[in-house]
Amino acid sequence: MNAAVLPQPAARPMKLVCPAGTPPALKAAVDNGADDVYLGFKDETNARNFAGLNFDDRSLREGIDYAHRKGAQVLVALNTYPQPESWRKWQAAVNRAASLGVDAIIVADAGLLAYAAKAHPQLRLHLSVQGSATSHEAINFYHERFGIRRAVLPRVLSVEQAEKVIARTPVEIEVFGFGSLSIMVEGRCALSSYATGESPNTHGGCSPAKAIRWQQRPDALESRLGGVLIDRFGAEDHPGYPTLCRGRFVVNGDTYYPFEEPTSLNTLELLPRLQAMGVAAIKIEGRQRSPVYVETVTRVWREALDACFRDRERFRVKPAWQDALAGISEGHQCTLGAYHRPWK
Amino acid sequence: MNAAANAPRKLPGPVRAVGRRLPRMPASIAFATALNLTLRRKFPADVLDRLEGHTFAIVVEDAGVELLFRVRARRFVPVAQAAEPVLRFRAVAWDYATLAAREADPDTLFFNRRLLVEGDTEIALLVKNTLDTIDIPRTRGILRRVLRAAAPGGG
Amino acid sequence: MKLSLGPLLYYWPRESVLDFYRQAASWPVDTVYLGETVCSRRRELKLSDWIAIGEALAGAGKEVVLSTYELIESDADLRTMHAVVANAAFRVEANDMAAVRALAGNVPFVAGPFLNVYNAATLSLLAELGAVRWVAPVELSREGIAAVVAEGPAGIETEVFAYGRLPLAVSARCFTARYNNLTKDHCEFRCIEHPDGLALDTQDGQHFLVLNGVQTQSAAVQNLAPEIGPARAAGVGMLRLSPQSTRMGEVVAVFREAADGALSVEETAARLAPLMPAAACDGYWHGKPGIVSEWGRAHERVPQAESHA
């Protein structure tokens, strides 16, 4: 990295935004240095609506107390699209979040943002990645209409493109730093509902567990989603969760991963660049992962963000960080994703 | 991923031999009793209701032991035999212990094929997520100390 | 019930496109959506070409609408979007919120299928900003559409994706280029070799999806022709037919006859079957997985009974 081209040092480190699917994960995030913890209610109002996961009013209240005592903030994801028959459920979820005293809500749907801005003018609004706002003009639309304070960039932009967005919006920009990589634009993918009837937009989950079947055949382990064969694993393969965009299919006789090998996004090496261009916050994916995952990722990224803030020019990714992250990654390969132009 | 973390740590051969000779039922009874003592009260009632009537199998590969239990009336009860459990877990004792101590990540073990899960994926996720929700710091502390003592170079 | 020709989602050679729309001028459609919506690298036609096509179609009595990109990434994409919005001749279909922002309060516009209108609150917001028509997201069921229409603003027209391979997802990455071991920036425009998309099958031989550059579509063809009555009852005023490379004029003709009540639903389905490049689906409309064919399920006994007779 050429230090000479970097602008002035940032005034404060980028915020570390960590996932919590459960109270122990929230504690792990807070104890290991998360600035913000994001989580969801136990229903389809959030995009990780999985059995046994997420928070009810009591655990959320306790979680907020715990986080606030240690100086961390709690963000509630209400980032699915309210369906016509259950609009009131989303409306009620906004009201619950506001009355429990969360620090911000993360919303995708324009109608729900309009409601939240009107009903709770003091409540801080973040635009979810599911809102698919990929340009400063789209982000500024949500800012002008609803006063959003932060937007999460879809994982499709290169670093150069993200930099241009940041320079032209008053809204804080949060980018994904680590976790499972979605190959499709978030909020614009109906592959899961095509096979199963449920998608992130409509039901808060990609590839719902009830639609998954694992079958051990004599020669291979097969994974199916809604009856559709996603992949077959030999004895040496590492099976992944059967998400459609990570499946192996056949095109003109070639069997391969037509969308993406199962990899994890990891942008540690880009931190000096991201900090210099004014990224406000780094998001860690994984509300469906265990407290051990949250603890490991939060610890590594806290250390890396602090090191980068102390001395951006001398920042080097430590092998120990990469080892720790590789140990909990799906697919064991890490990629810079769209941030790295040749990936496209 | 470094090689040490990747290599499953197995019980010594003699232990395995003993394990295979043990009758299954007493082990399952002991295990179900332990579950009732440590976890039952921590399991939300709605989750236990969702698991009601289902049989689960935990295979400790290196000990040659299969533990079978069923959820009945919100309790864990040992089972002598089951045709087809709703879920069957397979791993070595060390990996179960690191999971229980929250030293290992279940997804990582799964991706590495060190934790094999057969059966109903939705119930598997429900169980995983519920276990992730439960805080048993004292039991975990003890487990972590035992693991450290047993680890090479530890103790 | 009005019919529209949706924007061309594939990359065809310039002459094929011009020829297609020369024919379309005589087809019984009310509205034609024009312009490149999928990939900004596709440049067989410039905006001025699309406007020229639009003028010919308008001369033939069609309502012409110019559609914007479903995914905007670069400054160049934004410039193109603004050029479409600023065109003096035709109405615009907005497919992302940057386009909505550019249109809001200035001119009436169409809220495209990629704006994620899943509820009446979002539709009301867009109507306040100037939307006069909305295209339902493909995932929304008949019941869902009916509920949005019932609770939504009065006077806004409702359009559904009634025929064609469903656009299911969009990515920054080009899967046609990936198939050819090329990067998107050096893609050699290979999607021009696949006028109806590049077929993707499962390992056990199920025709599943179609790769269309950065867009992923269903392999099955959505067909709501047997559902025109229920669509009308749900408040739908326009059916979108998505262009395919062959026999599109015949598809339009069957839909027109069916909408006019000249064909029974059985006749409609039978006439369309040989015109379709793949099997039909209609699951989303019925609140099921999109891949399902409720029509096929309900009628599979009829041909079987005949073959056994």
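Keep in mind the model is a prediction, meaning the values are calculated, not measured.

Draft legend 1. Summary view of the pairing of strand β1 (residues 15-19) of chain A. All names here are of chain A. The element β1 is extensively covered by neighbouring structure, given that four of its five residues are classed as buried. Here three bridges tie β1 to strand β15 (residues 281-284), and the two strands are oriented parallel to one another. Residue pairing for β15: Val-17 is matched across the bridge by Lys-283. Pairing analysis gives three bridges linking β1 to strand β2 (residues 36-39), with the strands arranged parallel. Directly across from Cys-18, in β2, lies its bridge partner Val-37. What joins β1 to β2 is helix α1 (residues 23-31), and the crossover it makes is right-handed.

Draft legend 2. Representation of the domain arrangement of chain A in the model. Residue and element names in this part refer to chain A. What the domain assignment lists for chain A is domain 1 (3-181 + 263-343) and domain 2 (191-256). With centres defined by C-alpha atoms, the gap from domain 1 to domain 2 works out at 27 Å. Listed as interface residues are 15 residues of domain 1 and, on the opposing side, eleven residues of domain 2. For the pair domain 1 and domain 2, the two sides together bury roughly 940 Å², of which 43% comes from carbon and sulfur. Scanning the region where domain 1 abuts domain 2 turns up zero salt bridges. Our enumeration of links across domain 1 and domain 2 arrives at four residue pairs in polar contact (both at pLDDT 80 or more). Of the residues that constitute the side of domain 1 that touches domain 2, the class distribution is four nonpolar, eight polar and three charged.

Draft legend 3. Local environment of the pattern of salt bridges. A complete count under the given rule lists 60 salt bridges over all chains for this structure. Where Arg-124 of chain A meets Glu-172 of chain A, a salt bridge forms, and the shortest distance between an N and an O atom there is 2.9 Å. Of this pair, Arg-124 of chain A sits in the loop between α4 (110-119) and β5 (125-127) while Glu-172 of chain A sits in strand β7 (residues 172-180), and the two are 48 residues apart along the sequence. Between Glu-103 of chain B and Arg-148 of chain B there is a salt bridge, with its nearest N and O atoms 2.9 Å apart. One end of the pair, Glu-103 of chain B, is in the loop between α5 (93-100) and α6 (106-111); the other, Arg-148 of chain B, is in helix α8 (residues 137-150), and 45 residues separate them in sequence.

Draft legend 4. Quick look at the arrangement of the chains. When the two pairs of chains in contact are compared, the highest contact count belongs to chains A and C. There is no contact between chain B and chain C; across them, the least C-alpha separation is 18 Å.

Draft legend 5. Representation of unusual backbone geometry within the structure. You will see that Asn-116 of chain C, though not glycine, has its phi angle at about 60°, which is positive. Following the sequence through the fold, Asn-116 of chain C ends up in the loop between β5 (109-111) and α5 (120-129).

Draft legend 6. Structural context of the packing of aromatic side chains. Tallied over the full model, the rule gives 24 aromatic pairs over all chains. Aromatic pair Tyr-142 of chain A and Phe-146 of chain A: ring centres 6.2 Å apart, planes at 45°, arrangement tilted. Taken together, the positions of Tyr-142 of chain A and Phe-146 of chain A, both in helix α5 (residues 136-146) and four residues apart, correspond to about one turn of that helix. In this pair, the class of Tyr-142 of chain A matches that of Phe-146 of chain A, namely buried. On the numbers, 5.2 Å between centres and 75° between planes, the contact of Trp-12 of chain C with Phe-20 of chain C is edge-to-face. Trp-12 of chain C gets classed as buried once you look at its relative accessible area, which sits at 5%.

Draft legend 7. Quick peek at the interface of chain C and chain A. On the chain A side, the residues contacting the 65 residues of chain C number 65 residues. For chain C, the biggest contributors to the area lost against chain A are Arg-101, Arg-173 and Gln-203 of chain C; these three give 14% of the whole. Linking chain C with chain A are five salt bridges. Taking the shortest distance from any N to any O, the salt bridge between Asp-204 of chain C and Arg-224 of chain A comes out at 3.0 Å. Between chain C and chain A we count 33 residue pairs in polar contact (both at pLDDT 80 or more) in total. Tallied by class, the residues present in the side of chain C that touches chain A amount to 36 nonpolar, 15 polar and 14 charged. Bridge analysis of strand β8 (residues 184-189) of chain A against strand β7 (residues 157-171) of chain C gives two bridges, and the strand direction is antiparallel.

Draft legend 8. View of the interface of chain A and chain B. Contacts between the two partners involve 35 residues from chain A, matched on the other side by 24 residues from chain B. Roughly 2400 Å² is buried in total at the junction of chain A and chain B, and carbon and sulfur atoms are behind 56% of that figure. If you look at where chain A meets chain B, you find three salt bridges. Note that Asp-135 of chain B is salt-bridged to Lys-27 of chain A, the shortest N-O span being 3.4 Å. For the interface between chain A and chain B, the tally reads eleven residue pairs in polar contact (both at pLDDT 80 or more). Counting residues per element, the ones that place at least two in the side of chain A that touches chain B are α1, β9 (212-216) and α10 (291-310) of chain A.

Criteria and thresholds
Residues numbered from 1 in each chain as written. Chains lettered and ligands numbered in written order. Predicted model: local features only at pLDDT ≥ 70, side-chain atom pairs only at ≥ 80, totals over all residues. Heavy atoms only, no water. Buried < 20%, exposed > 50% of the residue type's maximum accessible area, 1.4 Å probe, protein only. Helix = DSSP H or I, 4+ residues; strand = E, 2+ residues; numbered from the N terminus. Pairing = 2+ DSSP bridges. Right-handed = clockwise from strand over helix to strand, strands pointing away. Domains from an automatic or database assignment. Contact = heavy atoms within 4.5 Å. Buried area = accessible area lost by both parts, 1.4 Å probe. Salt bridge = Lys/Arg side-chain N within 4 Å of Asp/Glu carboxyl O. Polar contact = N/O pair within 3.5 Å; in protein donor to acceptor, adjacent residues only side chain to side chain. Nonpolar A, V, L, I, M, F, W, Y, C, P; charged D, E, K, R; others polar. Phe/Tyr/Trp six-rings, centres within 6.5 Å; stacked < 30°, edge-to-face > 60°.

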